[in-house]
Structures are given as structure tokens and as C-alpha cells.
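Listed below are the residues making up each chain.
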Amino acid sequence: QVQLVESGGGLVHTGGSLRLSCAASGSISSINNMGWYRQAPGKQRELVASITSGGSTNYADSVKGRFTISRDNAKNTVYQQMNSLKTEDTAVYYCQAIINTVWGTLRNCWGQGTQVTVSS
């Protein structure tokens, strides 16, 4: 059993900041890529940012320069610092991780989602 638990969403005004966290727990041997996705009402889920186990990062063009993804491998946790938030950043944000389990299986795991609302 492996699970991802997110925290840190909420309501903020435009220009404000939020920090999302996602902790993985369970029968984990190691974690490969971790990432954050988001889904706004009526839209498809999209990749926001990802980070490899070695720390290489990738960002959607819409968040470059405003969001920063990081991870703490010792804590099996990924973070996303979101600055200069815009109303169009409003969405449910999901954590995702590719996890190697102690049983030798590879699992693509998702968190339950956390709401981020940016008001003008």
C-alpha cells in the first residue's frame, strides 16, 4: 500500500503565494519522478511541474518563473512554491509520483487533490 497526501491549498488573492506539500508513505523502496498536475473546471488535467530523483525540473510555460518544485528524498516529499498567483491558477492540484515498491513493482500514484483558489 502506497499513498500520497497533499496539503497546503487554500484561498489567496492575486499576487499572493501558497506552498503545496505532498508526502508519500507506505511500502516504498524508492521514488522516481514526482510532479504536480492541476485541473480547472471544464478543462483537462495538465502537468504543472515535475522533478526527477536527481533534482532536474520541468515546468509548464504558464508557471515558469513563478512556481518552484522541490523535493526532500529523505522525507519522500515533494513541494511546490507558488508565487505571483493569478486567477487562472485556480484549480485542483494533484500530486503524482512514480514509486518503486518494496515488492519490486512500479506504481503510478496520485494524491487526492487540493483546491487552490485565486481571487481578484
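That block above? That's the structure.
The sections below set out a description of the structure shown in this document. What you see is a predicted model, and the numbers here were worked out from it, not measured in a lab.

**Re the sheet that holds strand β1 (residues 2-7)**
Link 1 in the chain: Strand order in this open sheet of four strands is β1-β3-β8-β7, and the pairing throughout is antiparallel. Edge positions in the sheet fall to β1 and β7 (67-72), since each of these pairs with one other strand and no more. Within this sheet the neighbouring strands show an average axis-to-axis angle of 15°, counted without direction.
Link 2 in the chain: Note that strand β3 (residues 18-26) and strand β8 (residues 77-82) share six bridges and pair antiparallel. Note on β8: the bridge partner recorded for C22 is V78.

**Concerning the packing of aromatic side chains**
Link 1 in the chain: Applying the stated criterion across every chain, the model contains one aromatic pair.
Link 2 in the chain: A cation over a ring is seen here: R45 above Y94, with NZ or CZ 3.7 Å from the ring centre.

**Considerations on the environment of L47**
Link 1 in the chain: Mapping L47 onto the fold places it in strand β5 (residues 46-51).
Link 2 in the chain: In this structure, the C-alpha to C-alpha distance between L47 and Y37, residues 10 residues apart in sequence, is 4.4 Å.
Link 3 in the chain: If near-sequence neighbours (up to four positions away) are discounted, L47 is found in contact with W36, Y37, N58 and A60.

**Digging into the pattern of salt bridges**
Link 1 in the chain: Considering all chains together, one arrives at four salt bridges under this definition.
Link 2 in the chain: Note that K64 is salt-bridged to D61, the shortest N-O span being 3.1 Å.
Link 3 in the chain: Between D89 and R66 there is a salt bridge, with its nearest N and O atoms 2.7 Å apart. Residue D89 is found in the loop between β8 and β9 (91-101), and its partner R66 is found in the loop between β6 (57-59) and β7; the two are separated by 23 residues along the sequence.
Link 4 in the chain: Residue class for D89 comes out buried when judged on its relative accessible area of 0%.
Link 5 in the chain: What makes R66 buried here is its relative accessible area of 10%.

**Let's talk about the side chain of T77**
Link 1 in the chain: The residue T77 is located in strand β8 in this model.
Link 2 in the chain: Here K75 takes part through its backbone oxygen, which lies 2.8 Å from a polar atom of the side chain of T77.
Link 3 in the chain: Residues in contact with T77, not counting those within four places in the same chain, are C22, A23, M34, S70, R71 and D72.

**A few points about unusual backbone geometry**
Link 1 in the chain: A positive phi angle is found at N76, which is not glycine, with a value near 50°.
Link 2 in the chain: Here N76 lies in the loop between β7 and β8.
Link 3 in the chain: Positive phi, normally seen in glycine, also occurs at S84, with a value near 50°.
Link 4 in the chain: Along the chain, S84 turns up in the loop between β8 and β9.
Link 5 in the chain: A relative accessible area of 40% places S84 in the partly exposed class.

Parameters and conventions
Residues numbered from 1 in each chain as written. Predicted model: local features only at pLDDT ≥ 70, side-chain atom pairs only at ≥ 80, totals over all residues. Heavy atoms only, no water. Pairing = 2+ DSSP bridges. Helix = DSSP H or I, 4+ residues; strand = E, 2+ residues; numbered from the N terminus. Axes fitted to C-alpha atoms, helices over the stretch in contact; angles between N-to-C directions. Phe/Tyr/Trp six-rings, centres within 6.5 Å; stacked < 30°, edge-to-face > 60°. Lys NZ or Arg CZ within 6 Å of the ring centre and 35° of its normal. Contact = heavy atoms within 4.5 Å. Salt bridge = Lys/Arg side-chain N within 4 Å of Asp/Glu carboxyl O. Buried < 20%, exposed > 50% of the residue type's maximum accessible area, 1.4 Å probe, protein only. Polar contact = N/O pair within 3.5 Å; in protein donor to acceptor, adjacent residues only side chain to side chain.

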